[in-house]
Amino acid sequence: MDINIIDKTISLNGIDLLNLSGVNEENLNVIKDSFDSTIVLRGENIFLKGEAEEIKVIEKIFNELIFLQKRQGEITKKDVKLVLDLVDSNDDRSKSIKQKFGFTPNEINDVILSRKNDFIKPRTKNQSEYFRLVKDNDIVFAIGPAGTGKTYLAVAFAVAALKDKEISKIVLTRPAVEAGESLGFLPGDLSEKIDPYLRPLYDALEDMLPKEKLESYIEKNIIEVIPLAYMRGRTLNNAFVILDEAQNSTTLQMKMFLTRLGPNSKSIITGDVTQIDLPKRDQSGLVQIQQILQNIDDISFLYFEKSDVVRHKLVKDIIDAYEKFQGQ
């Protein structure tokens, strides 16, 4: 079969060439590594040579990046990777970012994580604030009712950081505290008994990573999903660490978890103080920590509300009904 090889020149007149190509051409190299075609920056032009269909995709990528730079004033390596993910789609490579995903390139910074055919981005005002706080702080507490995206977005932040090589490891943990059931009566060995507590974290990961990639990360301990008790004695460097269901951690467990953080690490702690399964509410580390860590730089608290619920529309009504019943 004949392969149609073509040459194409893209003018970069009036473009910030250093920003577009990146320091030591790191942005350009990200694009080069994704294709077989020849891509050369010379003067104020990009010279392309390769198979016609692939050249069309590369041209579209550069056009999107040029437009993005003009709108934002600059682009980053993360922008380049995201545009690659969004434009290089097998279903229709001729569509623009706006046509395919419903937002323009200048809104690209709202995207937390891109997947094969869609993306994850904030859907409420508090979720947008969540995104901002995680970018600006090393430790963020996300507190609020079920269904507000606290855990799901936390996992998305961590996966995005791993994908962008900002960190080298993800650790997801939960306290194994019974919610109306006894752990001892569950079937199987210790690992099988603990797994139901960790399943929501696996569900989020499976929604964001291809199965083979996730299995590889877990096998290599790049991603760990473990009970909170297994965190004792560790120091986690260059990691993204998430404590979920933190309302069921004790005061001592919360202190133990927070002191695991090493250099170049970030942490998100999520929980709902209305769903404490500990014997006494005042034993909850999440309740107490709100007073202990107030006004400390690089630590922020975000409080979600019922209006942030993004699950089934009935979830808000269920939360309202319970609040009314308990207030009687």
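Residues numbered from 1 in each chain as written. Predicted model: local features only at pLDDT ≥ 70, side-chain atom pairs only at ≥ 80, totals over all residues. Heavy atoms only, no water.

Trainee: Could you give an account of the pattern of salt bridges, with specific residues and numbers?
Mentor: Taken as a whole and judged by the stated rule, the model has 11 salt bridges. Where Lys-32 meets Glu-25, a salt bridge forms, and the shortest distance between an N and an O atom there is 4.0 Å. We classify Lys-32 as partly exposed; its relative accessible area is 28%. For Glu-25, a relative accessible area of 30% gives the class partly exposed. Between Arg-199 and Asp-203 there is a salt bridge; the shortest N-O distance is 3.4 Å. You can see Arg-199 and its partner Asp-203 sitting in helix H8 (residues 190-208), four residues apart, about one turn around the helix. When its relative accessible area of 29% is taken as the criterion, Arg-199 is described as partly exposed. (Salt bridge = Lys/Arg side-chain N within 4 Å of Asp/Glu carboxyl O. Buried < 20%, exposed > 50% of the residue type's maximum accessible area, 1.4 Å probe, protein only. Helix = DSSP H or I, 4+ residues; strand = E, 2+ residues; numbered from the N terminus.)

Trainee: Any details on the pairing of strand E2 (residues 38-42)? Residues and values, ideally.
Mentor: The sheet contact formed by E2 and strand E3 (residues 45-51) spans five bridges and is antiparallel. Following the sheet pairing, Val-40 is matched in E3 by Phe-47. What sits between E2 and E3 in their antiparallel hairpin is a turn of two residues, with Gly-43 showing a positive phi close to 65°. (Pairing = 2+ DSSP bridges.)

Trainee: Help me get a handle on the nonpolar core, residues and values and all.
Mentor: If you look at the biggest cluster of nonpolar residues, it comprises 38 residues, and the most contacted ones within it are Tyr-130, Phe-157, Ile-170, Leu-205, Ile-223 and Phe-240. When contributions to this core are tallied by element, the ones reaching two or more residues are helix H6 (125-136), strand E6 (139-143), helix H7 (150-163), strand E7 (169-174), H8, helix H9 (211-219), strand E8 (223-227) and strand E9 (239-243). In terms of residue count, H7 provides more of this core than any other element does, 10 residues in total. Excluding anything up to four places from it in sequence, Leu-205 contacts Val-155, Val-159, Leu-172, Leu-214, Ile-223 and Val-225. (Core = buried A, V, L, I, M, F, W, Y, C linked by side-chain atoms within 4.5 Å. Contact = heavy atoms within 4.5 Å.)

Trainee: Help me get a handle on unusual backbone geometry, residues and values and all.
Mentor: The backbone phi angle of Asn-24 is positive, close to 55°, even though this residue is not glycine. Within the secondary structure, Asn-24 sits in the loop between helix H1 (17-21) and helix H2 (26-32). Residue classification places Asn-24 among the exposed residues on the basis of a relative accessible area of 72%. Phi is positive for Glu-25, which is not a glycine, with a value near 60°. Structurally, the position occupied by Glu-25 is in the loop between H1 and H2.

Trainee: Lay out the packing of aromatic side chains in plain terms, naming residues and giving numbers.
Mentor: With the rule as written, the count across this model stands at four aromatic pairs. Judged by centre distance (5.1 Å) and plane angle (85°), the ring pair of Tyr-130 and Phe-157 falls under edge-to-face. Of this pair, Tyr-130 sits in helix H6 while Phe-157 sits in helix H7, and the two are 27 residues apart along the sequence. Summarising the burial analysis for this pair, Tyr-130 and Phe-157 share the class buried. Aromatic side chains Tyr-130 and Phe-304 sit 5.4 Å apart centroid to centroid with 80° between the ring planes, which places their arrangement in the edge-to-face category. (Phe/Tyr/Trp six-rings, centres within 6.5 Å; stacked < 30°, edge-to-face > 60°.)

Trainee: Tell me about the packing of helix H10 (residues 251-258) against helix H11 (residues 285-292), and name the residues and values.
Mentor: Two elements in contact, H10 and H11, have axes whose closest approach is 8 Å; the angle formed by their N-to-C orientations is 60°. Looking at the two axes, H10 sits oblique to H11. Between H10 and H11 lies a crossing of right-handed hand. Contacts from Thr-251, Met-254 and Leu-258 of H10 reach H11 at Gly-285, Leu-286, Gln-288 and Ile-289. Taken together, the residues of the contact of H10 with H11 break down into four nonpolar, three polar and no charged. (Axes fitted to C-alpha atoms, helices over the stretch in contact; angles between N-to-C directions. Parallel < 35°, antiparallel > 145°, perpendicular 65-115°, else oblique. Left-handed = near helix turned anticlockwise from the far one by under 90°. Nonpolar A, V, L, I, M, F, W, Y, C, P; charged D, E, K, R; others polar.)

Trainee: How would you summarise the sheet that holds E8 if you had to cite specific residues and measurements?
Mentor: In a beta sheet, neighbouring strands pair by backbone hydrogen bonds and run either parallel or antiparallel. Here we have six strands laid out as an open sheet, ordered E8-E7-E9-E10-E6-E11, and parallel in their pairing. Across the chains shown, the open sheet's two edge strands, defined by having one partner strand only, are E8 and strand E11 (299-303). Sheet twist, expressed as the mean angle between neighbouring strand axes with direction ignored, is 15°. Looking at chain direction, E7 and E9 are connected through five bridges and run parallel. Each residue of the ladder has a partner; that of Ile-170, found in E9, is Phe-240. Strands E6, E7, E8, E9 and strand E10 (266-271) of the sheet are contacted by H7, whose axis makes an angle of about 170° with E9. Strands E6, E10 and E11 of the sheet are contacted by H11, whose axis makes an angle of about 125° with E6.

Trainee: Which residues make up H11, and what are the values?
Mentor: For an α-helix, the turn length of 3.6 residues means that residues three or four places apart are oriented alike. All of the buried residues along H11 are Gly-285, Leu-286, Ile-289 and Gln-290. On an axial view of H11, the arc spanned by its buried residues comes to 140°, and they lie on one face. Among the structural elements, E6, H10, E10 and E11 are those in contact with the buried residues of H11. Measuring from the backbone nitrogen of Leu-286 back to the side-chain oxygen at the start of H11 gives 3.3 Å, which picks out Ser-284 as the cap. (Arc of directions from axis to C-beta. Polar contact = N/O pair within 3.5 Å; in protein donor to acceptor, adjacent residues only side chain to side chain.)

Trainee: Which residues make up the sheet that holds E2, and what values go with them?
Mentor: If you walk across this open sheet you meet the three strands as E1-E3-E2, and the pairing is antiparallel. Whereas interior strands pair on both sides, the edge strands pair on one side only; in this sheet they are strand E1 (5-11) and E2. The mean angle between the axes of side-by-side strands here comes to 15°, regardless of whether they run parallel or antiparallel. Across the sheet, helix H3 (residues 52-72) touches E1, E2 and E3, and the angle it forms with E3 is around 155°.

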